[in-house]
Every structure is written in structure tokens, then in C-alpha cells.
Amino acid sequence: MSPLFLLLSLLLYLGLLFLVALLGEGRARALAQSPWAYALSLAVYATAWTFFGSVGRAATEGATFLPIYLGPTLVLLLWPFLHGRLLQLARAHRLTSWADYLYLRYGHPLLGPLAAAFLVVGLLPYLALQLKAIAQGFLFLSGEEGPLADVALLTALLLALFTVLFGTRRLDPSERHQGLVLAVAFESLVKLLALLLVGGLVLLHLGNPFPQAQGKLNPLLLPPPGLAGHLAWGSLVVLSGLAFLFLPRQFHVAVVENVDPGHLRLAAWAFPLYLLLINLPILPLALWGRLLLPGENPDLYVLALALEGGGPLLAALALLGGVSAATAMVVVEGLALSILISNHLLSPLLLRFRALGSLLLWRRLSILGVLLLAYLYFRLAGEAYALVGMGLISFVAVAQLAPPALLGLFWPGATRQGALAGLLGGMAVWAYTLFLPALARSGWLPLGFLQGPHPLLRPEGLLGVEGLDPVTHGFLASLGLNLALAVGVSLFTRKEALPGERTGEVAELSALLRRVLGPEAEEAFRKEASSLRGPQAAALAEAWLSGALGPATARLLLLSATREVPPEELVEEAARESKEVRAYARALEAARKELSEAYERLKALDQAKDELLAAVSHELKTPLTSVRALAEILEAHPDLPEGERRRFTALLAKEAARLSRLVEEVLAYTRLQAGLPLRRTPTDLRALAQEALALAAPLARERGVGMEAHLEGVEAPTDPDRVLQVLLNLLHNALRHARNRVRLELSRRGREAFFRVQDDGPGVAEGVRARVFEPFQSFSGGTGLGLFLARRLVEGLGGRIWLEEGQGGASFAFTLPLEVNHEDPGGGR
């Protein structure tokens, strides 16, 4: 077949791929975001390894190609649980890879760069496999024997250009690559249809191979025998399942490019169906290859049988199917690895040298660098392994992420030390048992390396293990040590606290995003963060930066625009202190109010004292004036008639008594103010009441008022002098206002002694009833201290006094306690 025709076909196909990607970015955007495009994009898992290599492996090792597809199918049983949780984490923190997750989960600064660098190295054989498949198929059909590198290099450069154009337009972490997704989905359809068409036409042209293979090729139709065969079969199932979970390109299409978590439901059954369909022609093609082409390279059976069964056009279609499978993988894997490199390796360096603005350029260069490294690996070691063998080496490398990632998801006790130790141990064993032996078989290392420094340290037979194929041996040894170290070290190390939460103003965070990601990202962030609090806005900004620059660089950048959120205990302490301060403030306010009230009372007392002095002076002046005038009359008129002299003498005695009573009330008032202690003694209250009636009797006779009494026998522990004073005050007050009679009552009421003094006078006017007990409130002459003193004395003795609603007169009542448990030394208020 003409090399020019094949080259033109290859270029035309890549041109068609560019056109599909452009449609995905424009008119076919809705189709690119559909669940079918998402499910078909997951089929990037089926690469040139599947298209060419599975037929080659089936032709040499029989049904052992099946575990590569059984593993993902079994993993899909966990799809809703595992990927649903992963999607939530990815959306919340803008995760772009498992390396981002490891840094987020453990916070160790080495985990992200280590995982990124290891994946780049570990996936080089896988990428080289794709270049080898394209170059190998091109030269086979063209009949050329020129160096494979020519076509492989051209393909690598063209695919690098495609990836740069449709995968690295800007750093916006919210960007989805619809064109890229649609192109990958389109390629999935092309490789499926091409392989089914080749298989169908070969079967139609050559017939059913199974009857002819019976007896000759029976071992190819059966699982590998013996313990080693079963162990290899089971290991491949587990290995392919882990690879499906942890391959960077699978994470990219399944998580980063997912626009709707609901698409998982369709993908959960559509993707296994796709794997079933694409594997249907594998075994028939392998059997026909073994029967008809015993000397041919098994990896080329698809092309050779297509040429045999359908002619050059079918062979060209088969080549395009293989190219389609290879290019989809190279493009997505190259993009995913470039993001890993820029986020975990380049961003910290560019930030240190203040050249972060050139990150997009470096990401594009990293795509070119990765594909050139893959081409270099193909030149160095590509000839030593079949396609499947090269892919399995990468699968084992990717599987090293499984212990720290899965333990981090489901075991809270996993520590950063355990994750780092496990990853380092697994990487070292992978390099020693798989990667370096590949270089040794390629002639870049001495073949003696395969014997190891000691029989127990032979790279493909550690600890003397024999009988396992190199991939199964390397996988079990590296993953076993990885898991053992991750669990063991975690059990003996303490889990360290992750970096504290940060907070910041939306304006400062927006300015930071504008400087790093551009004005579009700033505007989108402002809209999303407008209703968020400080820590939530800082977390959102960190997620945006992390998606574009990687988590480590994002955290470093965020330090300049945020501050640490106080630890919870400090917040609680501040809240407690604030509460105490508020309580102290309330106490101060209460004390201030109390002092203010005390000051007002002191002012009132001072004013009352002034008023008392004025009132006392006024009250003393009247009787003193009368006494002086009467004394002067008696002195100036010694010859007054005897009757007149006795009248003046009686008036003089009356004014002197009034003067004496006034002095007694003032003295009683001053004793109350001084707070002199009470003198309680068991007292016969009825005898005390009778004494009061006897003392008031002269005044009653003078005024012609009758005295009535109803006294029960009651005793109480009280101060008899003060009780007597109260009774006299009330009786004298009643006698001054009574018309005909005054009545005194004493009775027992519950645990109190009850006194009532009632007269038949005019009573107390309604408007002054509330003030009758206030000092110096005289409504009928006198000092205005009588009722005030009575109230203070009764309350000082533990009783109550009040003005009753009388009928035709005034009625004052008071009580005294019959038992005293607490004494008020102050004598009342």
C-alpha cells in the first residue's frame, strides 16, 4: 500500500478529528455535554492496546486478555458509591487529579509532586505503546522497513498540537473541554465500528475459526492452568480495575469533564456494553492469525487479516481504527499529565521565581515534553516488549496510588507518613521489578541486571519467588509493600492536624483571582462568593486557584490575601470572655443605677432634713412664742384675777406639753434615722393597749369623745415602748378628728396580732390617701411626723400598717408578728 496514501489518510483523519473538536466547541456543544458523549468518552480506556494488543495477547497467551476488561466491569459495581463521593469532592475542591486529592487529604507537601512525577514516568511506556502501534501499523501496510521513529515522531507532534489547541486555552478551572470530549467520543465510535467491521468481514470471508482451532489451539481457549496461572488471572483483574480508577485520563474524563452527576447512571451500563462489543472480534481474529499467519507479529494480526479478508481499503480502515484508539488516549493522557506537571511541579517553581503568569505557556510545553519523552521511551525500550506488556508496566505504576487514595477515602486513621512511606516503597519496587528490567531487555542496561545482586533479590523473582510472570510478580510485590507500609506506618504515627481554615474579604480574594486567572474568573468568583462568609469565600477562592495552579501553590498564594481563622477553642474563649465582659458591664450598669438611686435618696434625705429643720423650727416657734407671751403677761400683771391667772397658767402648761410632744417625735425620728437596735421582749399586747387607752383618756375627755375597745389576749416578742408609741400616735390622731367616738381593737389573725384604730370623723380625702404615711404631710395641723413614725416603727418590728376603707371615718390598722425569725436592727427602712 502506498505510503503516501497512508500518510494522506492519516492526515485526513487527524483533520477530521480537528473538525469534530471544533464542532464540540461550537454548534455541537449540547451533543458534547450529553450522557452518551460522557459514556463514550470513558471508552478512552480502550486504546491501541485493545485494538491491536489484545489480539496479539490472545494469540500468544489465550484468554488472559479478558481480565483487562473484567476489572473495570467489576469496578463499575462500585461506581455510584465511589465515583459519586469522588465527584462531590472534586466539585467542592476543584480536584483535577488523584495527586490533588492526596495533597488535600494528607496535606503533605511531597505527596502531590511525588505522585505527579511518578505518574509521568510510569505512563511513558503506555504513551510509547500508542506511538509504536501507529508507526508499526503504518510501516506494515506501506511495506516500508524504514525507522519507526519517523511516523511516530510526526504523530506525536500532531497530537501535541491538537492537545494544546483544545485542552489548554486558558487556566480557568471551571473550563470544560467540550470539543475534546466530543472528539474522544467520536474516536470511541470509530475504533469500535472499525474493529467490528474487520472482525465481521474476516469471519464472513474466512469462516468460523473455532472448529479448525479445536485440538491445535485448545490452550488459547482455556484459562491459564496451575496456581501461577490462576494468580496471574486474578492479579490482572485487580490490576485492571485499579488502573481504571487511577489512570489520569480516566480521572479526567470521568470526574473533571463531568457536567452532570446523573450521567453516571447511563455510563454504568453503557461502558461495560462497549467493552463487551469491542472484545467480540478479539478471539476469532487471534485464532485466524495463529492459523493463517504463524510467522507474523501477533500485534499486527488485525491489519494482516483485514488485508487478507477485505483488501487494502479494509486494512486502511483498520489502521484508522487503531490510530483513533491511540490518538484518543495520547491526547487525554497528555492533557492530564500536563495538568499534573503544571500543578505540582511547575507552579511552585514559577511562584518562587515570580513567573506564574507564564504557567499556561509552560503547561503547553509540558504536553510537548511528555509526548517527546514517550517517543524517546519508544526508541529506547519499545522494541523489547509487546504492546500489552508495555501497557501493563504502566498499569502497575498507576496502581501504586491505590493504597494511599483508598485508605484516605475510607480509613480515618491513615496518616501522611503512612501514605508517603507506602508510595515510596511501591514506586521503588515497581522501578526495580518492571521499569529497569525493560531497559535491560532493550540493551540500555546490562542483561546481568536481571540476575540481581543476590538470588533473593532478583528483579523478577524477589525472595526466591518463581513461576510468576514479571508483571504479576511486580504488581504483587510493589502493591503488597505499598499497602503494608501505608497501614503499618499509619498505625505507629500520629495523625497531624491539617492546615487551619482561612478567612478573607471577597474584594481581596477577587483581586487575587484577577491577577492569576483573569477578569472572567474574577467576575464569576464575585457572583458565586457574594453570599458567602469569610472562611467560605476563602475556601472557594482556594478551590478555584487549586484547579488552575495546584493545591500547594493555591495555598501559598492564598496566604497573602487571607488570615488564619482563630481556632475553635480561641473562639470559645473569646466568646466566654465577651460574655463575662457583658456580665461585668451589666453589673456595672446595675451598680451605677443603684448608686444613682442612692444619690437621689441622699438628696431626698438631705432635702427632707432641711425641710425637717424648717418644720421643726416652725413648729417649735409657735408654742415657744405662746409660752413666752403667757409668761410675760403673768409677769407684767401680778394683780390678775385668780381665775384669769389659772387660765393663763393652763394655757402655758398646754403649750409646754405640745412643745414636749414635738421634741419627743423629733427624737424618735432621729433614732429611726440612726438605726438604733430593737429591744424585743415578750409583751402582753392587751395590757399594752389598755395602757395606751389610759394615756389617751384625758385628751378624749377634753374633746368629749368616747373610747371603745375590743381587746383579745395576745402576747408577742416585740418592743413595747415602740408599740405603745404607735398606738398613742394613732389614738391621738383619731381623737383629733373624731366626732363622738374612737374604737381600738386587738385580735389574733393567723400568726399575727391585729390592731385597728377607728374614728367617726370626716375620714381621709381620696386625693391624699396615698401620702398619709409620708413625712411632714400634715393635713390637719401638727408636725406631719406621727403617721410616718408609726409606719417606720411597725415595719421595723416586722409588721404592716395601712389605711382601711372606713365607713364614716378613718380606720388605721397594723399587724405585729407573733414569732420573729429575723431581726432588723435598723428599725425599718
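Now for a quick tour of the structure.

What counts, and where the lines are drawn
Residues numbered from 1 in each chain as written. Predicted model: local features only at pLDDT ≥ 70, side-chain atom pairs only at ≥ 80, totals over all residues. Heavy atoms only, no water. Phe/Tyr/Trp six-rings, centres within 6.5 Å; stacked < 30°, edge-to-face > 60°. Helix = DSSP H or I, 4+ residues; strand = E, 2+ residues; numbered from the N terminus. Buried < 20%, exposed > 50% of the residue type's maximum accessible area, 1.4 Å probe, protein only. Lys NZ or Arg CZ within 6 Å of the ring centre and 35° of its normal. Patch = residues over 30% accessible without salt bridge, like charges linked within 9 Å, V, L, I, M, F, W, Y side chains within 5 Å. Areas by Shrake-Rupley, 256 points an atom, 1.4 Å probe, with all protein chains shown as cover. Salt bridge = Lys/Arg side-chain N within 4 Å of Asp/Glu carboxyl O. Lys, Arg positive; Asp, Glu negative; His and termini not counted. Charge placed at Lys NZ, Arg CZ, Asp CG, Glu CD. Axes fitted to C-alpha atoms, helices over the stretch in contact; angles between N-to-C directions. Parallel < 35°, antiparallel > 145°, perpendicular 65-115°, else oblique. Left-handed = near helix turned anticlockwise from the far one by under 90°. Contact = heavy atoms within 4.5 Å. Nonpolar A, V, L, I, M, F, W, Y, C, P; charged D, E, K, R; others polar.

For the rest of this paragraph, the subject is the packing of aromatic side chains. What characterises a pair of aromatic rings is the spacing of the ring centres plus the angle enclosed by the ring planes. Per the stated rule, a full pass over the model turns up 18 aromatic pairs. Ring plane angle 80 degrees and centroid distance 5.6 Å describe the contact between Tyr126 and Phe395, whose orientation is recorded as edge-to-face. You can see Tyr126 sitting in helix α8 (residues 111–142) and its partner Phe395 sitting in helix α19 (residues 387–399), a full 269 residues away along the chain. Since its relative accessible area comes to 1%, Tyr126 is described here as buried. In this structure Phe395 comes out as buried when scored by relative accessible area, which is 1%. The residue whose ring lies beneath Arg749 is Phe754, and the NZ or CZ to ring-centre distance is 3.8 Å.

A cluster of basic side chains, namely Lys654, Arg661, Arg703 and Arg736, defines a positive patch on the protein surface. Here Arg703 lies in helix α29 (residues 685–703). Look at Arg703 and you get partly exposed, because its relative accessible area is 44%.

Glancing now at the packing of helix α7 (residues 98–106) against α8. Two elements in contact, α7 and α8, have axes whose closest approach is 8 Å; the angle formed by their N-to-C orientations is 160 degrees. Comparing the axis directions of α7 and α8 gives the class roughly antiparallel. Relative to α8, α7 is oriented so that their crossing is right-handed. Contacts between α7 and α8 involve Ala99, Leu102 and Tyr106 from the first element and Leu111, Gly112 and Ala115 from the second.

With that settled, the discussion passes to the packing of helix α23 (residues 506–517) against helix α24 (residues 519–529). Look at α23 against α24: their axes get within 7 Å of each other, and the N-to-C directions meet at 155 degrees. The pairing of α23 with α24 is recorded here as roughly antiparallel in orientation. When the axes of α23 and α24 are compared, the crossing they make is right-handed. Contact residues: Val506, Ala507, Leu509, Ser510, Leu513, Arg514 and Leu517 in α23; Pro519, Ala521, Glu522, Phe525, Arg526 and Ala529 in α24. Of the residues that constitute the contact of α23 with α24, the class distribution is 9 nonpolar, 1 polar and 3 charged.

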